[in-house]
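If you want the building blocks of each chain, they are given just below.
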Amino acid sequence: MRRLARFVIHNVLHVDQHKLQNIGKILLLLAFTLPFSVVAQNNKQTIRGIVIDKLSLAPISGASVRLVNDTLKDAVLTDKEGKYVLASLTPGRYEISVTNEGYKDAYIPNVIVTSGKETILDISVEERFKRLNEVVIRANGKSGAINKLATVSARTFSMEEVNRYAGGRSDPARLVANFAGVSAPDDSRNDIVIRGNSPVGVQWRIDGMNVTNPNHFATVGTTGGAVSALNTNMLRSSDFFTSAFPAEYGNAIAGVFDLGFRNGNAEKREHTLQLGLVTGLEGMTEGPISKNSNASYLVAYRQSVAFLASTFGINIGTAATPSYKDLSFKVNSGTTRLGTFSLFGILANSSIAITGGKTGSLYAPPDNTDLNSAIGIIGIKHVKILNRNSYISSSLGVNYSKNTQEQSSADSNNTSRLIEDEQVIQTAYVASVAYNTKVNSRLFFKFGIQDQLINMDLYYRLRRNTPDWMQIWDNNNSTHLAQAYAHMKYNITDKLMANLGIQAQKLFLNSNSTAVEPRIGLKYDVGNKSSFSVGFGLHSQMQPVNIYFNQIQNATTNTNKDLGFTKSQHYVLGYDWQPSKDWRMKVELYYQYLYNVPVDSFESSYSMLNTGSSFKPDLSVNLINEGTGRNYGAELTVEKFFSKGYYGLFTSSIYESKYKGSDGVEHNTAFNGNYVYNILVGKEIRTGKDKRNKLTTDIKFTNAGGRHFTPIDLAASQIAGNTVLKSSDYAYSSSYDDYMRLDFKIGYVLNSKSRKLSQTFSLDLQNVTNNDNVFSQSYDNGSRSINTTYQLGFFPNFIYKLQF
């Protein structure tokens with residue numbers, strides 16, 4: 001496996017990156033030429049999929065599937081494989097219900113049908129604990145999670161939401177910034193701050209496999225980037241966790257993105273063409289591999305078109321033109337005698353050559369930076385249903401990332417110059433297996449193991465006003481992380497449910513990195529409209545791999561190699577009330593205690609809890625696990641689900657994020673914004689004779705507290721000729737002005753009457769008030785003053801999408 005992975009990475013990413021472009025040109029050519037040959041006499045569309053048991057994944061035969069808002073159409077029954085088809089539907093929004101003896105009724109709102117694409121909707125239903133009065137639930141609804149082992153602090157989101165909300169840039173990470181407990185007041189990157197935690201504490205997962213940072217222009221030790229490499233046209237509805245997550249998720253202390261690639265259409269070929277200022281020019285195709293099986297393919301290529309920004313005079317923070325491209329794919333075998341196999345992956349690279357920008361913008365002159373990054377994520381997943389109650393899933397994959405950066409920075413008089421040369425290559429080989437069994441309607445078990453072999457190649461040197469280089473990194477090291485977990489879901493009564501689990505992990509780099517972590521969740525239903533929930537979890541996370549191998553300058557000793565895990569205790573209390581099928585209110589109170597945090601071995605305010613607050617690599621050495629931290633707060637969500645042509649969402653968080661370094665003094669963390677709230681409203685107006693087209697408008701307003709920072713010592717900086725911060729007594733004692741942004745989006749969806757074709761036009765006007773949100777401050781020796789750098793101002797993003 002290791003040799004195969006190296007071969008794939010070397011041949012796809014290293015030898016000839018133009019291969020990605022050639023594949024992309026083929027896809028784009030298909031997208032341009034095929035739609036005009038697709039003619040339909042009766043231009044209706046179809047909703048189809050399968051109905052399965054929520055826990056065992058077994059297909060449900062004989063289930064009744066019907067359209068709630070169309071009494072003229074009869075219900076259809078699923079076949080022996082759980083399949084159903086709702087045919088001859090006019091483009092629009094539909095509500096679907098599923099009923100079956102022995103199972104809770106499922107209700108799925110806002111199923112969108114367009115003329116250019118079939119709607120594939122797989123529905124999972126939950127077995128009744130005992131025979132109850134009529135119970136209606138929202139299958140995969142936003143009030144819960146797809147992963148039914150989650151009790152608290154979990155939220156599912158659909159790709160329709162990602163693409164619909166104003167200001168989202170078709171980026172899942174920016175979407176979740178609208179949820180309670182999440183803050184992302186940074187226009188340049190999609191780093192996610194969850195309840196005051198560093199973005200480094202977030203884990204990404206695709207189709208059950210832990211993956212590397214899936215973003216363009218990512219840097220070592222981070223989990224975000226400037227542009228997402230995740231293609232939302234490839235993704236299915238996914239989960240996002242902010243605290244006390246189930247036992248299967250290890251090596252994370254802040255949150256988890258559990259994403260999945262959807263399968264391609266296994267019955268007919270469909271294509272998508274999309275053009276967006278941020279997402280670029282995209283071609284996607286999907287369809288059956290064979291008419292005699294359910295095997296399918298799905299592949300998409302994107303190429304940046306950022307040069308259009310300069311053509312139309314749009315400020316993106318630099319005069320340089322970023323270039324990025326990515327190829328995403330999934331091949332599914334369909335159900336075979338040996339089970340279901342799928343091959344999925346992302347191959348991406350990005351580059352930018354910055355030769356200066358406008359003073360006060362994201363890149364101020366005369367900075368010169370050449371940044372190149374590459375991502376390779378390839379995985380194989382296997383699912384085998386053993387019987388009506390049990391199945392086994394396994395995955396095998398490789399994650400690869402490479403970042404090279406050459407940077408030269410100077411003051412405005414060019415009297416002081418710093419030159420840096422950096423290259424980081426990280427490769428991880430991942431294998432996992434999980435066994436799932438539903439003993440009965442009350443009891444479910446899940447057991448799993450995972451092993452991750454990690455290789456890190458680090459090279460970093462710098463020099464300031466001298467021809468002699470100072471070597472910081474120059475090593476190649478390996479280690480591996482093993483994890484095992486067990487989870488039990490038990491319906492104690494028809495109203496009280498318990499999720500109990502335990503997670504164990506060990507990093508084999510040293511003898512200090514072993515953890516056993518209990519997870520507990522309880523949920524009590526108060527009638528059919530509200531519930532109380534409580535959760536506790538002990539969570540541990542290894543440090544960013546590069547931290548372990550930091551060296552004393554020009555030395556060969558790895559001074560952090562014996563660091564243990566950072567550990568965190570999560571306590572959550574929640575109340576969920578849904579007075580009607582269209583409205584929901586949720587309140588959560590939480591407390592998080594962090595300990596074993598790496599800090600300096602001498603008296604200092606430094607803490608790893610602030611890692612990720614800057615773009616510079618953390619070069620700290622001689623660290624010890626003696627720091628602590630605490631995050632606590634309250635969150636409120638009031639949501640009007642989309643119905644009657646409109647939706648609304650209000651989320652608010654009030655929180656504190658504190659830490660103690662080796663100085664024993666409690667400071668604000670760099671991510672302590674104290675508060676954030678979001679207001680989102682959207683309206684949809686149906687147009688056309690048969691109401692098949694729609695005009696959409698969406699508004700988003702965000703207000704967040706300014707992040708804390710350590711102020712610059714101007715006098716000391718003037719003497720030193722470069723930025724010097726004030727002493728530890730002032731660590732994160734100041735804060736930037738509050739972040740405020742208003743976004744407005746307008747769109748139109750045109751569903752063809754004569755062709756199997758739909759078009760979407762949208763204009764997303766971000767920061768329409770052109771508010772000056774502070775990005776950072778630095779000392780400029782030329783002007784001998786402190787410069788303030790601002791985030792992006794008004795930014796219009798146009799998107800055109802064609803499906804056929």
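Residues numbered from 1 in each chain as written. Predicted model: local features only at pLDDT ≥ 70, side-chain atom pairs only at ≥ 80, totals over all residues. Heavy atoms only, no water.

Caption draft 1: Quick peek at the overall build of the chain. Of regular secondary structure, the chain possesses 7 helices and 45 strands. Residue burial in the chain is summarised as follows: out of 804 residues, 58% are buried. When contacts within the chain are restricted to residue pairs at least 6 apart in sequence, those whose partners lie at least 24 apart make up 66%. Split by element, the accessible area of the chain, about 31700 Å² in all, is 56% carbon and sulfur. (Helix = DSSP H or I, 4+ residues; strand = E, 2+ residues; numbered from the N terminus. Buried < 20%, exposed > 50% of the residue type's maximum accessible area, 1.4 Å probe, protein only. Contact = heavy atoms within 4.5 Å. Areas by Shrake-Rupley, 256 points an atom, 1.4 Å probe, with all protein chains shown as cover.)

Caption draft 2: Local environment of empty space enclosed by the protein. All chains considered together, the criterion is met by 14 cavities of 30 Å³ or more. Estimates place the volume of the largest cavity at around 670 Å³. Taken together, 38 residues line the largest cavity, and the ones lying closest to its centre are Val211, Thr212, Asn213, Thr222 and Gln426. The set of elements that each furnish at least two residues to the lining of the largest cavity consists of β13 (202-206), β24 (368-385), β25 (390-410), β26 (417-438), β27 (443-464), β28 (470-491) and α6 (545-548). Looking at the lining of the largest cavity residue by residue, the classes come out as 18 nonpolar, 20 polar and no charged. (1 Å grid on protein atoms, 1.4 Å probe; cavity = no way out; pocket = protein on both sides within 12 Å on 5 of 7 lines; lining within 4 Å. Points joined across faces, edges and corners; volume = space filled by probe spheres on them. Nonpolar A, V, L, I, M, F, W, Y, C, P; charged D, E, K, R; others polar.)

Caption draft 3: Summary view of the packing of aromatic side chains. Applying the stated criterion across every chain yields a total of 21 aromatic pairs. Centre to centre, the rings of Tyr460 and Trp473 are 5.6 Å apart; their planes meet at 55 degrees, and the pair counts as tilted. You can see Tyr460 sitting in strand β27 and its partner Trp473 sitting in strand β28, a full 13 residues away along the chain. The two residues Tyr460 and Trp473 agree in class, both being buried. Arranged with centres 6.5 Å apart and planes meeting at 35 degrees, the rings of Phe650 and Tyr677 form a pair that is tilted. With Phe650 in strand β35 (residues 646-660) and Tyr677 in strand β37 (residues 675-687), this residue pair connects regions lying 27 residues apart in the sequence. Aromatic ring contacts, followed pair by pair, group Phe179, Trp204, Phe240 and Phe257 into a single cluster. Over the ring of Tyr590 we find Arg195; its NZ or CZ atom is 4.3 Å from the centre of that ring. (Phe/Tyr/Trp six-rings, centres within 6.5 Å; stacked < 30°, edge-to-face > 60°. Lys NZ or Arg CZ within 6 Å of the ring centre and 35° of its normal.)

Caption draft 4: Structural detail: unusual backbone geometry. Phi is positive for Ser88, which is not a glycine, with a value near 55 degrees. Its identity as a non-glycine residue notwithstanding, Lys644 has a phi of 55 degrees, on the positive side. The residue Lys644 is located in the loop between β34 (623-643) and β35 in this model.

Caption draft 5: Broad picture of a nonpolar patch on the surface. A cluster of nonpolar side chains, Ile492, Leu500, Ile520, Leu522, Val534, Leu573 and Leu589, forms an exposed patch at the surface whose accessible area comes to about 520 Å². Tracing the chain through its elements places Leu522 in strand β30 (residues 514-526). What makes Leu522 partly exposed here is its relative accessible area of 33%. (Patch = residues over 30% accessible without salt bridge, like charges linked within 9 Å, V, L, I, M, F, W, Y side chains within 5 Å. Salt bridge = Lys/Arg side-chain N within 4 Å of Asp/Glu carboxyl O.)

Caption draft 6: Just the confidence of the model for the chain, in detail. Chain-level pLDDT for the chain is 89 on average; 89% of the residues reach the 70-or-more range. The low-confidence segment residues 4-17, where pLDDT is below 50, has 21 contacts with residues more than four positions distant or belonging to other chains. Counting contacts from residues 357-366, a segment whose pLDDT is below 50, to residues more than four positions away or on other chains yields 30 contacts. (pLDDT = per-residue confidence, 0-100.)

Caption draft 7: Broad picture of the pattern of salt bridges. Following the criterion strictly, the structure yields 36 salt bridges and no others. A salt bridge links Arg48 to Glu118, with the shortest nitrogen-to-oxygen separation between them at 2.9 Å. Here the residue Arg48 occupies a position in strand β1 (residues 45-53), and Glu118 occupies one in the loop between β6 (105-113) and β7 (119-120), the gap between them amounting to 70 residues. A relative accessible area of 10% means that Arg48 is categorised as buried. Among the residues examined, Glu118 registers a relative accessible area of 12% and is labelled buried. A salt bridge links Asp191 to Arg189; the nearest nitrogen and oxygen atoms lie 2.7 Å apart. The buried category is assigned to Asp191, whose relative accessible area is 9%. Linked through salt bridges whose partners overlap, the residues forming this network are Arg93, Glu160, Arg164, Glu684, Arg686 and Lys694.

Caption draft 8: A look at the sheet that holds β13. Here 5 strands make up an open sheet; going across it, the order is β10-β17-β18-β13-β14 and the pairing mixed. The sheet terminates laterally at β10 (154-157) and β14 (209-210), the two strands that pair on one side only. In the sheet, β13 pairs with strand β18 (residues 255-259) via 5 bridges, with the strands oriented parallel. Paired with Gln203 across the strands is Val256, a residue of β18. (Pairing = 2+ DSSP bridges.)

Caption draft 9: The arrangement of the side chain of Ser531 in detail. Relative to the assigned elements, Ser531 resides in strand β31 (residues 530-541). Ignoring any residue separated from it by four or fewer positions in sequence, one finds Ser531 in contact with Lys523, Tyr524, Asp525, Val526, Gly574, Tyr575 and Asp576.

Caption draft 10: Representation of the pairing of β18. Summarising burial for β18: 5 of the 5 residues are buried, a large majority. Side chains of β18 alternate between two faces, with Gly255, Phe257 and Leu259 and Val256 and Asp258 buried alike. By the bridge criterion, 3 bridges tie strand β17 (residues 238-241) to β18 in an arrangement that is antiparallel. Bridging across to β18, Asp239 finds its partner in Asp258.

Caption draft 11: Examining the pairing of β6 more closely. With 6 bridges joining them, strand β5 (residues 92-99) and β6 adopt antiparallel strand pairing. The residue of β6 that forms the bridge with Tyr94 is Val111. Between β5 and the antiparallel strand that follows it, β6, lie 5 residues; Gly102 among them carries a positive phi value of about 90 degrees.

Caption draft 12: Just the side chain of Gln803, in detail. Following the sequence through the fold, Gln803 ends up in strand β45 (residues 795-803). Those residues in contact with Gln803 that lie beyond four places of it in its chain are Thr114, Gly116, Lys117, His271, Thr272, Lys756, Leu757 and Ser758.

Caption draft 13: Representation of the nonpolar core. Formed by 39 residues in total, the largest nonpolar core has its most connected members in Phe157, Ile192, Phe240, Phe257 and Ile346. Mapped onto this core, the elements with two or more residues apiece are α3 (159-164), α4 (172-176), β13, β18, β21 (296-303), β23 (339-354), β24 and β35. The contacts of Phe240, once residues within four sequence positions are left out, are Ser153, Ala154, Arg155, Phe157, Val176, Phe179, Val182, Ile192, Ile194, Val256 and Phe257. In terms of nonpolar packing, the next biggest core, distinct from the first, is built from 35 residues, Phe565, Ala670, Phe671 and Tyr732 among them. (Core = buried A, V, L, I, M, F, W, Y, C linked by side-chain atoms within 4.5 Å.)

Caption draft 14: Summary view of the environment of Asn722. As for its position among the elements, Asn722 is in the loop between α7 (714-720) and β40 (734-735). Relative accessible area serves as the criterion here: at 23%, Asn722 is assigned to the partly exposed category. In this structure, the C-alpha to C-alpha distance between Asn722 and Tyr779, residues 57 residues apart in sequence, is 6.3 Å. Discounting chain neighbours no more than four positions away, the residues touching Asn722 are Arg464, Ser717 and Tyr779.

Caption draft 15: Representation of the environment of Ser342 within the structure. Take Ser342: it is sitting in strand β23. Considered as a pair, Ser342 and Ser395 are 53 residues apart in the sequence and their alpha carbons are 9.4 Å apart. Non-local contacts of Ser342, meaning those with residues more than four positions away in its chain, are made with Lys330, Val331, Asn332, Gly379, Ile380 and Lys381.

Caption draft 16: Up close: the environment of Ser395. Considering the arrangement of structural elements, one finds Ser395 in strand β25. On the basis of relative accessible area, Ser395 is assigned to the buried category, the value being 7%. Sequence spacing of Ser395 and Gly208 is 187 residues, and the spatial spacing of their C-alpha atoms is 7.4 Å. If near-sequence neighbours (up to four positions away) are discounted, Ser395 is found in contact with Gly208, Met209, Ile380, Lys381, Val430, Ala431 and Ser432. Side chain to side chain, Ser395 and Ser432 meet in a polar contact 2.7 Å long. (Polar contact = N/O pair within 3.5 Å; in protein donor to acceptor, adjacent residues only side chain to side chain.)

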